[in-house]
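One letter stands for each residue in the lines below.
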Amino acid sequence: MSADKSLSGRVFLFGDDIDTDQLAPGQYMKGGIAALAAHCLEGVRPDFAASVAPGDVVVAGRNFGMGSSREQAAEALKHLGVAGVVALSFAGIFYRNAINLGLPVLTAPSLADLTEGERVHLDLDNGRIERAGEKPALPLDPLPDNLKALLADGGLVPHLKKRFAQERQKEQGR
Amino acid sequence: MTASPTTLAQKIVARAAGRPSVAPGEIVTARVDLAMIHDSGGPRRVEPILQDLGVGLFDANKVVLISDHFVPGDTDEGARILELTRQWAAQRKVAFHDGEGICHVVLPERGHLAPGMLVVGGDSHSPTGGAFGAYMFGVGATEMAGVLATGEIWLKVPETILIEWRGRLSDGVTAKDIMLALCGRLGMDGGKYQAVEYAGEAIAALSMQERMTLSNMAAELGGQAGLIAPDGVTAAFLQDAGSDPAGWGDWQSLRTDPGAKLLEHHIFEAGDLAPQVAAPHSPANSGPVGDAPATPVDVAYLGACTGAKYQDLANAARILKGRRVASGVELLVAPASRRDQDRAARDGIMAVLEEAGAKLLPNACGICAGYGTARLGEDVTCISSTARNFKGRMGAASSKVWLGSPLTVAASAVAGRITDPRLMLAEHAGGAA
Ligand code: SF4
């Protein structure tokens, strides 16, 4: 067993077309994010919310997050401490929502032989998944600079706060 | 030097970004001409963020609020959300359409849209605005709050996937059938979050409301937008809705130039298309209705932005005239807007539906959104004119939703099982008194 702290995350593998109703089931929307997150992905994997831990990485196939514009889909994953989602492709609105909420989402050219439960670390700075043992890191597609900046600030709201504060400062400096 | 050929999407995005031209893949910041929000993703979610940011609306005249998801407010929660929505509209002094119908239908119907606009909507079916030659797309609540605060949004300039339908649709085949067929053939990520554009003789021949169905369901294809180049049909509809062409700029140049670089170009023969149904639980599970098992249905639902506009009700009435819904089947009709319902009433269409046994629901999202009291019960099988049949969306997880055109929904209601509407159209034409 690796005691390497930097590889404290585990892979949770999912298939294609995971939709927003799976991530944030409509019937639990009333109860607030904690209650909603408790049912995140239960339709495909009943034990997900109970077993996922901070630092874990959700890895999926194509079109992750398809469906509605409800951003609780991304919020639920963030609430559970998921370090990020890596998929072959994302549905556009989910992708934007995730970045806006500060949840890293990255596409990978291939998922190689990543396995369920494998020890990993999502390395955002270098855009890759580090893997335990001798396995080479899995490269991820680079994020555009504007999205990197958004994520670095923790999402759209903190990003805008920073920008507004800078604008106010400029005005006062004049 | 002549400018190189560009797509409709590029032209709109370039103007909104204040640039002479833009290239696909570039990231730009665009000014938003209009922002649309509804009661579910709107005030209750954006106001706390605006408060947190300490700012107001970028321009109250460019914000339209429409209540539809929680209308008629038949639960405590729904009533509370509607109340909050109404207060916010008054406080923030934005255009507000309350209980007048589903946002994607009300927005153009009330003259808010124009060709060439860049519009952001707080709902995933926002691509509907693309039917009018506007680049309209959906965002979540946080991003909407950012738009309301700044009037700006970032965009990755889209590639264009051109979907051309040649020839003419045959009688009994509609825009909804086109979209179900496309979901099946291209898949729900076939749009690759790029600009889907519909073109060709069959598209040009469609009414404005049929075109809206195409653009609406660009969402099911996973496109960011679902565009149709504006033409005389567009202009007539918008003028009728009170939009002034003087404000549309050079709208006739809003089209994809011949030779513009496309990501994909698909060509289909409209005449070959049969009415389609999509089996539970995905719009991509589609195929000709004739190939589907003659599944018995409990509920037939004519509703939603994509399936209960005036034209959709008129189509259903073609089948239902002089017929009755099969015993044991509930036909529920939620006209997409009050204006469409009033027009359908004037034209005798509502009377036909009611005589056939239809039960009328409010002009709202209703069962499609799965909110409120109107939901599908355990094990109910439903044929629905809506856009999505994901598991559990419209009610119990054990309910099964098939998707079809309003014609197919009506025909299936009469037969009590999933049925090809052309059989009944032929019977009518065959001339019973
Ligand atoms: S009718 Fe359905 S698809 Fe249309 S906006 Fe309402 S919930 Fe969405």
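The sections below set out a description of the structure shown in this document. Keep in mind that what you see is a predicted model, and the values were worked out from it rather than measured.

1. Describing the interface of chain B and chain A
Listed per partner, the contact involves 30 residues of chain B and 28 residues of chain A. Around 2,700 Å² of area is buried between chain B and chain A when both sides are counted, 57% of it from carbon and sulfur atoms. The largest share of the area that chain B buries against chain A comes from Leu53, Thr142 and Trp154 of chain B, three residues that together contribute 22% of it. Applying the counting rule to chain B against chain A returns four salt bridges. Along the contact surface separating chain B from chain A lie 11 residue pairs in polar contact (both at pLDDT 80 or more). Residue assignment for the side of chain B that touches chain A shows that the elements contributing at least two residues are helix H2 (43–53), strand E6 (135–138), helix H5 (141–150) and strand E7 (152–156) of chain B. The class makeup of the residues in the side of chain B that touches chain A is 14 nonpolar, eight polar and eight charged.

2. Observations regarding the environment of Gly9 of chain A
Residue and element names in this part refer to chain A. Mapped onto the elements of the fold, Gly9 is located in strand E1 (residues 9–13). Overall, Gly9 belongs to the buried group, its relative accessible area being 2%. Put simply, Gly9 and Leu138 are 129 residues apart on the chain and 15 Å apart in space, counted from C-alpha to C-alpha. When neighbours within four sequence positions are excluded, Gly9 is seen to be in contact with Gly55, Asp56, Glu118, Arg119 and Val120.

3. Some remarks on the site of the ligand
The local shell around the ligand consists of His69, Ile102, His104, Asp123, His125, Ala304, Cys305, Cys365, Cys368, Ala369 and Arg393 of chain B. Tallied by class, residues from the shell around the ligand come to six nonpolar, three polar and two charged.

4. With respect to the layout of surface pockets
Roughly 680 Å³ of internal volume is contained in the second largest pocket. What lines the second largest pocket is a set of 27 residues, and nearest its centre among them are Phe90 of chain A together with Lys156, Lys192, Tyr193 and Gln194 of chain B. With three residues, the top contributor of residues to the lining of the second largest pocket is helix H5 (residues 92–100) of chain A.

5. As for helix H11 (residues 338–346) of chain B
All names here are of chain B. Where H11 is concerned, the buried positions are Asp340, Gln341 and Ala344. Around the axis of H11, the buried residues are gathered within 100° of arc, so they sit on the same side. Residues of H11 that are buried sit in contact with helix H4 (103–109), helix H8 (208–216), helix H10 (310–320), helix H12 (349–355) and strand E16 (359–360). Gly348 sits one or two positions beyond H11 and adopts a positive phi of about 80°.

Cut-offs applied
- Residues numbered from 1 in each chain as written.
- Chains lettered and ligands numbered in written order.
- Predicted model: local features only at pLDDT ≥ 70, side-chain atom pairs only at ≥ 80, totals over all residues.
- Heavy atoms only, no water.
- Contact = heavy atoms within 4.5 Å.
- Buried area = accessible area lost by both parts, 1.4 Å probe.
- Salt bridge = Lys/Arg side-chain N within 4 Å of Asp/Glu carboxyl O.
- Polar contact = N/O pair within 3.5 Å; in protein donor to acceptor, adjacent residues only side chain to side chain.
- Helix = DSSP H or I, 4+ residues; strand = E, 2+ residues; numbered from the N terminus.
- Nonpolar A, V, L, I, M, F, W, Y, C, P; charged D, E, K, R; others polar.
- Buried < 20%, exposed > 50% of the residue type's maximum accessible area, 1.4 Å probe, protein only.
- Near = heavy atom within 4 Å.
- 1 Å grid on protein atoms, 1.4 Å probe; cavity = no way out; pocket = protein on both sides within 12 Å on 5 of 7 lines; lining within 4 Å.
- Points joined across faces, edges and corners; volume = space filled by probe spheres on them.
- Arc of directions from axis to C-beta.

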